[in-house]
Amino acid sequence: MGRLATLLLGLLWSTPLLAAPAEDFGSRPEALRIQVVTFGPGPHVQERFGHTAIWVEDTRLGTSVLYSYGVTSYGPGSGVRYLLERPRYWAARLSVEHSFFLYRARGRSILLQELGLPVEQRRRLLARLERDVNPATREYAYDPFRSNCATRLRDALDEALGGALSAQLAGPASLTWREHLRRYTREVPLFQWALMLWTNDTVDAPMTRWEEAAFPVELAQALAEGSFTDEHGTSKPLVRSSRDEHLTTTRPPPLALGPSSLTRGLLALFTAGTLLLLAVPRTATHRRAFRIAFGLYHALVGATLGSAGAIGFVLMVGSVHPYFGLNENQWMAHPLSFALLPLGLGIASGNERSERWARHCVGVLALGSLLAVVLKLSPTFQQDTREPMSVLLVANVGLALVHVKRWRVTLPRGASPRPEPHLPGDSTHAASLRSPR
């Protein structure tokens, strides 16, 4: 029964019911009731930042329409396309009842804010909304920060208010894009860590509260603090009243200071791995057990940090989003680090060539990591790399130190091992002193 309900909800979600208002809907702006609807975070990664829409009710006709800028044909499994390209979104009129039912069923909170707009502003807002849902002008290219459901609604409200909203939100924001990303993805630690690795200094630049309103929850907060001047020159609050239509526990947590739990876990893992390998006596590093552990540790670094770095490289060269452009983290994690996965398996199986190639790869990664540390001393490099760097530096430099230790006891190619002493009468003594053929 649970699977059937999930399937039905998925079908309903993928085909939202469009709302067709009455012919004279909104013909009398004084009868319009306008509410901004903020939906809380959802279970999927692209839903972690919430959603916003605007509910317009014609009290004279008793009909309502939900204007949403978040309609798309992309499903929950299209996360890669969100990272590489700008998907097509469009604005549409939706059924209020149907939309609320779906968001409640998916465990997402619903906050309603009724706007106390004058009649003329209500008329102008409805005209803008109707223009935006027109088939000829409704589509837009989605951008997670600069063109999404919240920014389009924000712009419509600002136009109706004659620019009053943008003027009030011109001040600096308290957080950066990266800090908001860290905050909203806190409950998805793997994706959070990946974003910290993949995004460049674009998300570290200072921004205004106007830009911060790209997040639905931040837009709701800005509206709650906003005001406008009515026709009599009196300043009035923009939000007349607000209420929670549906409450859940999935609201964005406050900004968490310090590294995430996954960062601490990865740091502990690679620190422990490095220390264990370094603790092995130098004379024992040529043994088979050490070689297998050494190779598997390479494979672990390649499968985790290497794969994440390789994906970051693909995003850097292939994504249309500027947030994945030139990235300082690529000094420490890139496709070369992913090569440690097959090379590590080769080391574990006793392939000498794999170890030589791995030694070269690790040397490049270690030098790149040290260079990244040096670059942080320059004011030109402002990217926040603290979380990825703490892990990558330990993994790369630690592997390099183990390679140095093992290389010092590794015999040159083609050389014979030093004969071990034997007791008198040992039958193998003569064989051990025999010259190589």
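Throughout, residues of each chain are indexed from 1 in the direction in which the sequence is written. Under the rules for a predicted model, residues below a pLDDT of 70 receive no local features and side-chain atom pairs below 80 are neither given nor counted, while totals for whole chains, interfaces and linings still include all residues. Side-chain numbers here rest on the full set of heavy atoms in the structure, without hydrogens or water.

J.: Explain the nonpolar core here, please?
T.: Counting 37 residues, the largest nonpolar core has Ile 54, Tyr 67, Leu 125 and Leu 157 as its most contacted members. Think of it this way: any DSSP run of H or I at least four residues long counts as a helix, any run of E at least two long counts as a strand, and we number them from the N terminus. Listed by contribution, the elements that provide at least two residues to this core are β1 (32-39), β2 (51-58), β3 (63-72), β4 (88-94), α4 (119-132), α5 (149-160) and α10 (216-225). Among the elements that make up this core, the one with the highest residue count is α5 (six residues). Among the nonpolar cores identified, the runner-up in size contains 34 residues, and Ala 194, Val 301, Cys 361 and Leu 392 belong to it. To define a nonpolar core, start from buried Ala, Val, Leu, Ile, Met, Phe, Trp, Tyr and Cys residues and group those joined through side-chain atoms within 4.5 Å. Three labels apply to residues, based on accessible area from a 1.4 Å probe with only protein chains included: buried if under 20% of the type maximum, exposed if over 50%, partly exposed otherwise in between.

J.: I tried to follow α5 on my own but got confused; where do I start?
T.: The periodicity of an α-helix, 3.6 residues per turn, causes residues three or four places apart in sequence to face the same way. Between its first and last C-alpha, α5 extends 17 Å over 12 residues, near the 16 Å set by a 1.5 Å rise per residue. The buried count for α5 comes to nine of 12 residues, which makes it a mostly enclosed element. Along α5, the positions that sit buried rather than exposed are Cys 149, Ala 150, Thr 151, Leu 153, Arg 154, Ala 156, Leu 157, Asp 158 and Ala 160. N-cap assignment for α5: the residue whose side-chain oxygen lies 2.9 Å from the backbone N of Ala 150 is Asn 148. One or two residues past the end of α5 sits Gly 162, with phi positive at roughly 65°. Under the convention used throughout, the expected extent of a helix is 1.5 Å for every residue step, that is, one less than its residue count. The term polar contact refers here to a pair of N or O atoms within 3.5 Å; inside protein, the definition further demands a hydrogen-donor-capable atom paired with an acceptor-capable atom, and it admits residues adjacent in sequence only when both atoms are side-chain atoms.

J.: Would you mind showing me how to read a nonpolar patch on the surface here?
T.: Patches in this entry comprise residues that are over 30% relatively accessible and not in a salt bridge; like charges within 9 Å are linked, as are nonpolar side chains (Val, Leu, Ile, Met, Phe, Trp, Tyr) within 5 Å. Here the accessible surface of atoms and residues is derived via Shrake-Rupley with a 1.4 Å probe, and residues count as covered only by protein chains that are part of the display. For this analysis, a salt bridge means a side-chain nitrogen from Lys or Arg found within 4 Å of a carboxyl oxygen belonging to Asp or Glu. Side chains of Trp 331, Leu 371, Val 374 and Leu 377 sit close together on the surface and give an oily, nonpolar patch of about 420 Å² of accessible area. Take Leu 377: it is sitting in the loop between α15 (352-375) and α16 (386-407). For Leu 377, a relative accessible area of 75% corresponds to the exposed category.

J.: What should I look at first to understand the packing of aromatic side chains in this one?
T.: The geometry of an aromatic ring pair is captured by the separation of the ring centres together with the interplanar angle, meaning the angle of the planes. The pairing test for Phe, Tyr and Trp rings, Trp by its six-membered ring, is centres within 6.5 Å, and the orientation test on the planes gives stacked under 30 degrees, edge-to-face over 60, and tilted for anything in between. For the coordinates displayed, the defined rule picks out 16 aromatic pairs. An angle of 70° between the planes, with centres 6.5 Å apart, marks the rings of Tyr 82 and Tyr 89 as edge-to-face. Given the relative accessible area of 9%, Tyr 89 is considered buried. Ring centres of Tyr 82 and Tyr 142 lie 5.9 Å apart, and the angle between their planes is 85°; this geometry places the pair in the edge-to-face category. Note that Tyr 82 is positioned in helix α2 (residues 79-84) and Tyr 142 in the loop between β6 (139-141) and α5, a separation of 60 residues in sequence. Side by side, Tyr 82 and Tyr 142 carry an identical accessibility label, which is buried. By way of ring pairs, the aromatic residues Phe 49, Phe 145, Trp 177, Tyr 184, Phe 215 and Tyr 323 are connected into one cluster. Definition used: whenever NZ (Lys) or CZ (Arg) falls within 6 Å of the ring centre and also within 35 degrees of the ring normal, the charge is taken to sit over that ring. Residue placement shows Arg 152 over the ring face of Tyr 140; its charged tip is 4.2 Å from the ring centre.

J.: Can you help me understand helix α11 (residues 261-279) in this one?
T.: Along its 19 residues, α11 runs 27 Å from first to last C-alpha, staying within 8% of the 27 Å computed at 1.5 Å per residue. For α11, the set of buried residues is Thr 263, Leu 266, Phe 270, Gly 273, Thr 274 and Leu 277. What you see down the axis of α11 is that its buried residues fit within an arc of 105°, all on one side. Turned more than 90 degrees away from the buried face of α11 sit Leu 275, Leu 276 and Ala 279, all of them exposed. It is the directions from the helix axis to the C-beta atoms that the arc portrays.

J.: Can you walk me through the side chain of Glu 114 in this structure?
T.: You can see Glu 114 is positioned in strand β5 (residues 110-115). Separated by 3.4 Å, the side chains of Glu 114 and Arg 33 make a polar contact. With sequence-adjacent residues up to four places away left out, Glu 114 is seen in contact with Arg 33, Ile 34, Gln 35, Leu 238, Val 239, Arg 240 and Ser 241. Residue contacts are defined here by distance: any two heavy atoms, one from each residue, within 4.5 Å place the two residues in contact.

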